[in-house]
Amino acid sequence: SIESVTNVLCTATTLVWLGKVFGGTRGALPLCTLLTVLLVNNKFTPSRWVRSIQPTSQVLGTVALYLFFSTLGSQGVAVAESVRASMIPLGIFLTILYAVHGTWLWLLHKLFPHQPCMNPQRLLMASSAAIGGPATAVALAQAQKWPSLEVP
């Protein structure tokens, strides 16, 4: 509904504004993220209000992610020649990087099997966030139907 979209956009704008005002140039993003986490975890806001804007937030968030991915990939044509020239060294570097990263994840899971924070889903989400950023981590959680891990 129009009311729900307006509430979501107003809430998002307010969170960004609060982050910028109180966090300054360097702290705006972490503060906005912290405020968002506090808001969606229902600790400081009425759960009825959060539930009412949740479906609209999901749709608008997904649209924003698609827009982010499409604009990020649009510059690929301009740098295609330089990437082609460095394909083999880059491939070797990335193979080593992901092998070491995967080995660490496997070791953490084997060394701490009974720790809730070391279950495979959480490790995959942390890995995805570390390598591809928060947008890819949320995309992974949505694709795998892990709604509890979609919150930042």
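Whatever comes next refers back to the structure up there.
One numbering rule holds for all chains: residues counted from 1, following each sequence as written. Totals for whole chains, interfaces and linings use every residue, but because this is a predicted model, local features are given only for residues with pLDDT of at least 70 and side-chain atom pairs only at 80 or more, for both listing and counting. Where side-chain values are given, they derive from all heavy atoms of the structure, hydrogens and water being excluded.

## Some points on the packing of helix H4 (residues 87-111) against helix H5 (residues 120-132)
The criterion, for reference: Helix axes are fitted only over the stretch in contact, all axes being lines through C-alpha atoms; the angle between N-to-C directions runs from 0 to 180 degrees. Helix and strand assignments come from DSSP, with helices taken as H or I runs of at least 4 residues and strands as E runs of at least 2, each series counted from the N terminus. Small angles under 35 degrees read as roughly parallel and large ones over 145 as roughly antiparallel, with 65 to 115 read as roughly perpendicular and the rest as oblique. For any helix crossing, the convention is left-handed if the near helix is rotated counterclockwise from the far helix by under a right angle, and right-handed if that rotation is clockwise. Contacts: residue pairs with any heavy atoms within 4.5 Å of one another. Any residue outside Ala, Val, Leu, Ile, Met, Phe, Trp, Tyr, Cys, Pro, Asp, Glu, Lys and Arg is labelled polar, Gly included; the first ten of those are nonpolar and the last four are charged.
Contact geometry for H4 and H5: axes closest at 10 Å, N-to-C directions at 150°. By the angle class used here, H4 and H5 are roughly antiparallel. Crossing hand, H4 versus H5: right-handed. Contact residues: Tyr98, His101, Leu105, Leu108 and His109 in H4; Pro120, Leu123, Ser127 and Ile131 in H5. When the residues that make up the contact of H4 with H5 are grouped by side-chain class, the tally is six nonpolar, three polar and no charged.

## Examining the environment of leucine 105
Tracing the backbone shows leucine 105 in helix H4. Dropping the residues within four chain positions of it, leucine 105 is found in contact with Leu123 and Ser127.

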